[in-house]
There are 2 protein chains.
Amino acid sequence: MTKLTDVARVAGVSATTVSRVINNYGSLSEKTKQKVYAAMRELNYQPNSLARSLQGKQTKLIGVIFSGVSNPFFGEMVEELENQLFSKGYRVILCNAADDKAKERDYLRMLMANQVDGIIAGAHNLGIEEYHQVGLPIISFDRYLSDNIPIVSSDNYRGGQAAGEALLAARVQHPVIITGQQQPNSPTNQRLSGYQAVLSAKDVALDQWTLAFGMSPTLKMMRIRQLLTTHQPDGIFCTDDLTALLVLQAAKQLNIAVPQALKVIGYDGTRFIQAYHPELTTIMQPITDIVTLMVELLLQRIADPDCQLETSYTLPIKVITGTSTAAIS
Amino acid sequence: MTKLTDVARVAGVSATTVSRVINNYGSLSEKTKQKVYAAMRELNYQPNSLARSLQGKQTKLIGVIFSGVSNPFFGEMVEELENQLFSKGYRVILCNAADDKAKERDYLRMLMANQVDGIIAGAHNLGIEEYHQVGLPIISFDRYLSDNIPIVSSDNYRGGQAAGEALLAARVQHPVIITGQQQPNSPTNQRLSGYQAVLSAKDVALDQWTLAFGMSPTLKMMRIRQLLTTHQPDGIFCTDDLTALLVLQAAKQLNIAVPQALKVIGYDGTRFIQAYHPELTTIMQPITDIVTLMVELLLQRIADPDCQLETSYTLPIKVITGTSTAAIS
DNA sequence: TTGAAAGCGCTAACAC
DNA sequence: GTGTTAGCGCTTTCAA
């Protein structure tokens, strides 16, 4: 690998000068600059960023922790994160926490080992304590981690309300909500609260089913079929779109007509769902805005680790209306 | 940040000794080992991997270049890559080439800058020349890059055949194939060849439509509706599942019954499609096996850069039969 | 079994 | 404007 001193030798200058040229630092004559550029090109020189970072400079690496990018919601979020971070000159270390505490802890340790400038945390297996002591700029998506770690999320309470309202507007009488496992301190619990508030204002009973997030689709499917046959709800609010897709599928198998006999509403509203399942009514989280904000906050913290940020930032959701909640005409 | 010399001071030994303990190198008395371990724990010490890598050791970083992880196929592949690489002690730098030559080139340059131990290349905007000179272990997914860069892919020719056979077995008379833009040197072109071979053996005419990979779903949808109304095919083979989903959707909108009036077959067979669209007949690429092989080959090349590998590795596909090609009873 | 010292590739005082 | 020098945190001969 050609190094700085090679360039210096070829250009007939000192290493310092080459370093100055690379970093555009101090005063340099146009002539030396050209000589150095020429030498760099001749040798096809690439500065070794490791050596650079070793001086205590930034690594320009950001750790992005999520629980798997095969879920389109996280896939789209990670893709957007990578895009925006790249355009700011950062690269992404992809950390798939995979519902695995040990793995998430391992990753946290690795990332801490002086390698990344900051972390975006979107997987949440770990207790607060572990994140508390990281000592690196962190921004969290949708989960409380520690007092000085800002949370960015979309308006889960309002989203829950909107879903409830949509169901009631469609004259649903026996709605069911299917949630994931409620996690302590998770803003997503607010989806339930908002929904619940709307229902009780209209004296509609709450009927809640829980399907753990990590459960296999096949198993979820069985549960849902069970639910549909035993409970015979006329409306279902799923707190994620994939589960809503399963409900749609189960309804078809059981010859339950959507929306005639059953209204279905999902949550997340990814580009994927909008393009490939426009029939599904859903609550859209503004992924791009969320990412923009997270990146902005993270870079602020990196620039000034002591800068004061809010504890929590909430972005508005949007209702996307498909035919799955259409009123029967 | 606590460093090696801090540990040494606390343990009352030299830096060298601490280094030896960390790397389990040379001969050490059990007693010193314990002292050092204790000091490390006390200080919550994390070795700085940058400094380590600077000695010319490995960085344990792998660049993974794909064109966006929001597509479930790539999402699942990247997720699997991350998993397997993590378990081998490597971390992943996620590079989203996004159909953008300049970005892919930028990434390549960054990765080369002495930072990663190897590259998995799954996005292919760039000409062969750019990859030729990288001088780093590279494994390519589904595309020829250079004579000494192994290609791993699934059996695209056989996949195309299988799709054609499935369509013909369902008594299709006027099938259409919808492909992406054919790229030079891309093994995916074989899907068309295999399909074509099966058709011409039975004297069925080839009818081919092209929808560029980067086209928006909405636009694709319009084209597909056009195709369905003007050409009135009774069978469609899409060389990716997402397009097949669009066909299914378009058919529904146009009141074309699937499979009665139209058989549809896709390609890729992700876990996602299997779980959420079991009705779709599709050709499954063995993502896990592909990844396992790519990782294995890459690690071999890293261990011995001169090791001889095949130019090309082809893994078998599998047909997943849904109702979308069911014979009319 | 352990330590001293040199150096990985680069940057940043401090000279000149 | 440019060069000298001293490290960044760690590993690795070479000696003891």
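Refer to the structure presented above.
Bear in mind that the values here come from a model prediction, so they are computed numbers and not experimental data.

Draft legend 1. Quick peek at helix H8 (residues 156-169) of chain A. All names here are of chain A. Helix length check: H8 (14 residues) gives 20 Å between terminal C-alpha atoms against 20 Å at 1.5 Å per residue, within 8%. Those residues of H8 lying buried are Asn156, Gly159, Gly160, Ala162, Ala163, Gly164, Ala166, Leu167 and Leu168. Backbone geometry just after H8 places Arg171 at a positive phi near 65°.

Draft legend 2. The arrangement of the sheet that holds strand S10 (residues 281-284) of chain A in detail. Residue and element names in this part refer to chain A. Judged by pairing direction, the sheet is mixed, and its six strands sit side by side in the order S7-S6-S8-S9-S10-S12 without closing on themselves. Each edge of the open sheet carries a strand with a single partner, namely strand S7 (208-210) and strand S12 (318-320). Looking at each pair of strands side by side, their axes are set apart by 20° on average, direction ignored. Judged from the four bridges that link them, strand S9 (residues 263-268) and S10 form a sheet pairing that is parallel.

Draft legend 3. Structural detail: the pattern of salt bridges. Going through the model one piece at a time under the given rule, you end up with ten salt bridges over all chains. Two residues, A:Glu76 and A:Arg271, come together in a salt bridge whose shortest N-O distance is 4.0 Å. Of the two residues, A:Glu76 is situated in helix H5 (residues 72-87) and A:Arg271 in helix H12 (residues 271-276); the sequence distance between them amounts to 195 residues. Taking the shortest distance from any N to any O, the salt bridge between A:Glu82 and B:Lys103 comes out at 3.0 Å. In this pair, A:Glu82 sits in helix H5 while B:Lys103 sits in helix H6 (residues 101-112), so the two residues belong to two different chains. In this pair, the class of A:Glu82 matches that of B:Lys103, namely buried.

Draft legend 4. Highlighting the sheet that holds strand S7 (residues 208-210) of chain B. All names here are of chain B. Pairing within the open sheet is mixed, and its six strands lie in the order S7-S6-S8-S9-S10-S12. The open sheet has two edge strands with one neighbour each: S7 and strand S12 (318-320). Strand after strand, the sheet turns through a mean of 20° between neighbouring axes, direction not considered. The pairing of strand S6 (residues 175-179) with S7 spans three bridges and is classified as parallel. Directly across from Ile178, in S7, lies its bridge partner Trp209. Relative to strand S9 (residues 263-268), helix H8 (residues 156-169) is tilted by about 165°, and along the sheet it contacts S6, strand S8 (235-238), S9, strand S10 (281-284) and S12.

Draft legend 5. Highlighting the protein's contact with DNA strand D. Of all residues adjacent to DNA strand D, which total 24 residues, the nearest are A:Thr16, A:Thr17, A:Arg20, B:Leu4 and B:Tyr45. Put simply, 56% of the atoms of DNA strand D that lie within 4 Å of the protein are in sugar or phosphate. Within the side chain of B:Ser19, a nitrogen or oxygen atom sits 2.8 Å from a phosphate oxygen of DNA strand D. Residue assignment for the surface near DNA strand D shows that the elements contributing at least two residues are helix H2 (15-23) of chain A together with helix H2 (15-23) and helix H4 (49-54) of chain B. The element contributing the most residues to the surface near DNA strand D is H2(B), with four residues. In terms of residue class, the surface near DNA strand D is made up of seven nonpolar, twelve polar and five charged.

Draft legend 6. Broad picture of the protein's contact with DNA strand C. In the vicinity of DNA strand C there are 24 residues, among which A:Leu4, A:Tyr45, A:Gln55, B:Thr17 and B:Arg20 approach most closely. Each atom of DNA strand C within 4 Å of the protein was classed as base or backbone; sugar and phosphate made up 59%. A distance of 2.8 Å separates a phosphate oxygen of DNA strand C from a polar atom in the side chain of A:Arg52. Those elements that provide at least two residues to the surface near DNA strand C are H2 and helix H4 (49-54) of chain A together with H2 of chain B. No other element matches the four residues that H2(A) contributes to the surface near DNA strand C.

Draft legend 7. How the structure looks around the packing of aromatic side chains. In the structure shown here, the tally under the stated rule is 15 aromatic pairs over all chains. Note on A:Phe66 and A:Phe74: the rings are 5.5 Å apart at their centroids and 50° apart in plane angle, and the pair reads as tilted. The class for A:Phe66 is buried, based on a relative accessible area of 1%. On the basis of relative accessibility, which here comes to 11%, the residue A:Phe74 falls in the buried class. Note on B:Phe272 and B:Tyr276: the rings are 4.9 Å apart at their centroids and 35° apart in plane angle, and the pair reads as tilted. With a gap of four residues between them, B:Phe272 and B:Tyr276 both fall in helix H12 (residues 271-276), about one helical turn apart. Connected via pairs of aromatic rings, a cluster forms that spans A:Phe66, A:Phe73, A:Phe74 and A:Phe141. Here A:Lys103 stacks its cationic end above the ring of B:Phe86, 4.8 Å away from the centre of that ring.

Draft legend 8. Local environment of the relation of the copies chain A and chain B. Of the two same-sequence chains, chain A is brought onto chain B (RMSD 0.1 Å, axial shift 0.0 Å) by a rotation of 180°. Such a turn and shift between the copies fits a two-fold axis. Using C-alpha coordinates, one finds that chain A approaches the rotation axis most closely at A:Ile93, a distance of 2.3 Å. A high fraction, 100%, of the interface residues of chain A reappear at the interface in chain B, so the copies pair face to face through one surface.

Draft legend 9. The arrangement of the nonpolar core in detail. Membership of the largest hydrophobic core comes to 61 residues, with the highest contact counts inside it found for A:Met77, A:Met294, B:Met77 and B:Met294. The dominant element in this core, judged by the number of residues it contributes, is helix H13 (residues 287-303) of chain B, at ten residues. If we skip the residues at most four places from it in the chain, A:Met294 touches A:Met77, A:Leu81, A:Ile120, A:Ile139, A:Ser140, A:Phe141 and A:Val152. Of all hydrophobic cores here, the second largest spans 51 residues; its members include A:Leu211, A:Leu246, B:Ile236 and B:Leu280.

Draft legend 10. Examining the interface of chain A and chain B more closely. Opposite the 48 residues of chain A that make contact, chain B presents 48 residues. Of all residues in chain A, A:Leu50, A:Phe86 and A:Tyr276 give up the largest surface area on contact with chain B, accounting jointly for 15% of the area buried on that side. Taken together, chain A and chain B are joined by two salt bridges. Secondary structure elements with two or more residues in the side of chain A that touches chain B: H4, H5, strand S2 (91-96), helix H6 (101-112), helix H11 (241-253) and H12 of chain A. Per-element accounting of the side of chain A that touches chain B gives the leading share, eight residues, to H5(A).

The rules behind these values
- Sequence order sets the numbering: in each chain, residues are counted from 1 along the sequence as written.
- Think of it this way: whatever chain is written first is A, whatever ligand is written first is 1, and the rest follow in order.
- Per-residue local features are limited, in this predicted model, to residues with pLDDT of at least 70; the limit for side-chain atom pairs, both in listing and counting, is 80 or more; totals at the level of whole chains, interfaces and linings are taken over all residues.
- Working from all heavy atoms in the structure, the side-chain values ignore hydrogens and water.
- Put simply, DSSP H or I for four residues or longer makes a helix, DSSP E for two residues or longer makes a strand, and each gets a number counted from the N terminus.
- The span expected for a helix works out to 1.5 Å for each residue beyond the first.
- In this scheme, a residue with accessible area under 20% of its type's maximum is buried, one over 50% is exposed, and one in between is partly exposed, where area comes from a 1.4 Å probe on protein chains only.
- Here, strands pair whenever DSSP counts at least two bridges between them.
- Helix axes are fitted only over the stretch in contact, all axes being lines through C-alpha atoms; the angle between N-to-C directions runs from 0 to 180 degrees.
- The rule for a salt bridge is simple: a side-chain nitrogen of Lys or Arg has to be within 4 Å of a carboxyl oxygen of Asp or Glu.
- In what follows, residue pairs with any heavy atoms lying within 4.5 Å of each other are defined as contacts.
- We call a residue near a given molecule or strand whenever any one of its heavy atoms falls within 4 Å of it.
- Two N or O atoms form a polar contact when they lie within 3.5 Å of each other; inside protein one atom must be a possible hydrogen donor and the other a possible acceptor, and for residues adjacent in sequence the pair counts only when both atoms belong to side chains.
- Here the nonpolar group is Ala, Val, Leu, Ile, Met, Phe, Trp, Tyr, Cys and Pro; Asp, Glu, Lys and Arg are the charged ones; every other residue, Gly included, is treated as polar.
- Note on aromatic contacts: the rings of Phe and Tyr and the six-membered ring of Trp form a pair at centre separations within 6.5 Å, being stacked when their planes are under 30 degrees apart, edge-to-face when over 60 apart, and tilted otherwise.
- Two conditions define a charge sitting above a ring: the NZ of Lys or the CZ of Arg must be within 6 Å of the ring centre, and it must be within 35 degrees of the ring normal.
- Least squares is used to superpose the copies, and the fit set is the C-alpha atoms of residues whose pLDDT is at least 70 in both copies.
- Working definition of a nonpolar core: buried Ala, Val, Leu, Ile, Met, Phe, Trp, Tyr and Cys residues. They are joined through side-chain atoms within 4.5 Å.
- The quantity reported as buried area is the accessible area (1.4 Å probe) lost by two parts once they are put together, taken as the sum for both.

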